[in-house]
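# Residue-level structure breakdown
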Amino acid sequence: MTVTWEEAGWERLAAGVGRCRLPGWDCTVGLVVGEGSALMIDAGSSLAEGARLRTEARALAGRPVTRLALTHPHFDHVFGAAEFADAEVFGAAGMERVLADERDALRGDAVENGLHARVADEAVATLVHPRHLVSDERTLLLGGDRQALLVNVGPGHTSHDLAVVVQGVPGSPPVVFCGDLVEESGEPQAGPDAVPSHWPAALDRLLDLGGEDAVYVPGHGAVVDAGFVRAQRDALATRFGVS
Ligand SMILES: [Zn+2]
């Protein structure tokens, strides 16, 4: 059975493309539906949230999620990934090492940000590592005319930032899922794993990919336009002293 985006509490961005703003950290997850496949973008902040998203995505797509793209290795984007056990998991090349080597740091960050310790332990114990690694770009064919372009646009917010670009939806502008390279709900969060010197260039790349008319989906907050991304790029350049 399929439901509408509205019925599921998701925001429709184009035909077969939508996103959901999750409670807690206002983290965005996306879904791109093709005729033969469904691509999920990020997986929520816990196994329980991942399970909920898997169920909702299946109802929205009318088929199980077969691919999962993780935008970067932060807990609120990856802790639900184990619930997509049957999906091919994609990430920026090198992300798999972060998830393998820095579990304690991921757990610590999650608990510091308010995730229950038991929930964080459970997620870290089952953490999924992407096996499909994107060094530059990769096109996913999702069935029918539907494609999604995965682009390793970082470093910036982290050393492993992956964007997802959906083009060619009749009557709709391109949709660019930006991960946390762009945030609308506040100033972009720059932790110890950020690479400030390259961040403005990553936003230039997003703008090249989407163009003036694209819908830009931030990792946190409301959907924005190219003008917002350009202004945030300039603000980051000023903040970090980069031209
Ligand atoms: Zn992040």
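Located above this text is the structure these notes cover.
Each residue is numbered by its place in its chain's sequence as written, counting from 1. For a predicted model such as this one, the threshold for reporting local features is a pLDDT of at least 70, and the threshold for listing and counting side-chain atom pairs is 80 or more; totals across whole chains, interfaces and linings nevertheless cover every residue. Excluding hydrogens and water, the side-chain figures rest on all heavy atoms present in the structure.

### Focus: the pattern of salt bridges
Here a salt bridge means any side-chain nitrogen of Lys or Arg lying within 4 Å of a carboxyl oxygen belonging to Asp or Glu. A complete count under the given rule lists 13 salt bridges for this structure. Of the charged contacts, one joins R21 and D26 as a salt bridge, the two residues approaching to 2.9 Å between their closest N and O atoms. E83 is the partner of R54 in a salt bridge, and the nearest nitrogen-oxygen pair spans 2.7 Å. Here R54, found in helix α2 (residues 47-61), pairs with E83, found in the loop between α3 (75-78) and β6 (88-92); they are 29 residues apart in sequence, far enough to count as distant. The partly exposed category is assigned to R54, whose relative accessible area is 35%. Residues joined by salt bridges that share partners form a network here, namely D136, E137 and R205. Helix numbering and strand numbering both begin at the N terminus, where a helix is a DSSP run of H or I of at least 4 residues and a strand a DSSP run of E of at least 2. Relative accessibility thresholds used throughout: buried, under 20% of the residue-type maximum; exposed, over 50%; partly exposed, between the two (1.4 Å probe, protein chains only).

### Some points on the sheet that holds strand β9 (residues 146-152)
Pairing within the open sheet is mixed, and its five strands lie in the order β8-β9-β10-β11-β12. The open sheet has two edge strands with one neighbour each: β8 (137-143) and β12 (215-217). In this sheet, neighbouring strand axes are inclined to one another by 20 degrees on average, regardless of whether the strands run parallel or antiparallel. The pairing of strand β10 (residues 162-166) with strand β11 (residues 175-177) spans three bridges and is classified as antiparallel. If you follow V164 over to β11, its bridge partner there is F177. Lying over the sheet, helix α7 (residues 199-210) contacts β8, β9, β10, β11 and β12, oriented at roughly 160 degrees with respect to β9. The criterion for strand pairing is that DSSP finds at least two bridges linking the strands in question. Under this scheme, a helix contributes an axis fitted over its contacting stretch, all axes are lines through C-alpha atoms, and angles between N-to-C directions fall in the 0 to 180 degree range. Any two residues whose heavy atoms approach within 4.5 Å are treated as being in contact.

### Focus on the pairing of strand β4 (residues 38-41)
Neither face of β4 is exposed, since A38 and M40 on one face and L39 and I41 on the opposite face are all buried. Strand direction decides the pairing type here: strand β3 (residues 28-33) and β4, joined by four bridges, are antiparallel. Bridge pairing in β4 links V33 to A38. Hairpin connection of β3 to β4: four residues between the antiparallel strands. In this sheet, strand β5 (residues 67-69) lies alongside β4 in parallel orientation, the contact comprising three bridges. Of the residues in β5, the one forming a bridge with I41 is A69. On the question of chirality, the crossover connecting β4 to the parallel β5 by way of α2 is right-handed. A crossover gets the label right-handed when its path from the first strand over the helix to the second runs clockwise, viewed with the strands pointing away from the viewer.

### Observations concerning the sheet that holds β6
Reading across from one edge, β1-β2-β3-β4-β5-β6-β7 is the order of the seven strands in this open sheet, with mixed pairing throughout. This sheet does not close on itself; its edge strands, each paired only once, are β1 (11-14) and β7 (132-134). Neighbouring strand axes in the sheet, compared pairwise and without regard to direction, differ in orientation by 25 degrees on average. Both β1 and strand β2 (residues 17-21) contribute to a ladder of three bridges, which runs antiparallel. Following the sheet pairing, E11 is matched in β2 by R19. Those strands touched by α2 are β2, β3 and β4, and its axis lies near 30 degrees from that of β3.

### Here's the deal with the packing of aromatic side chains
For Phe, Tyr and Trp, rings pair up if their centres lie within 6.5 Å, where Trp contributes its six-membered ring, and each pair is then called stacked (planes under 30 degrees apart), edge-to-face (over 60) or tilted (otherwise). Applying the stated rule across the entire model yields four aromatic pairs. With centroids separated by 6.0 Å and ring planes inclined at 45 degrees, the aromatic side chains of W5 and W10 adopt a geometry described as tilted. With respect to burial, W5 and W10 carry one shared label: buried. Residues W199 and F240 carry aromatic rings whose centres are separated by 5.9 Å and whose planes lie at 25 degrees to one another, so their mutual orientation is stacked. Of this pair, W199 sits in helix α7 while F240 sits in helix α8 (residues 226-240), and the two are 41 residues apart along the sequence. For W199, a relative accessible area of 0% corresponds to the buried category.

### Quick word on the coordination of the zinc ion
Those protein atoms acting as donors to the zinc ion are H72 (NE2), H74 (ND1), H157 (NE2) and D180 (OD), and they sit at 2.2 to 2.3 Å. The motif formed by the donor residues of the zinc ion, counted along the single chain, is H-x1-H-x82-H-x22-D. Taken together, the residues H72 in the loop between β5 and α3 and D180 in the loop between β11 and α7 connect sequence positions 108 residues apart. For the pair H72 and D180, one class covers both residues: buried. Each metal's donors are the N, O and S atoms found within 2.8 Å of it, except that Na, K and Ca use a 3.2 Å limit; water is left out, so coordination can look incomplete.

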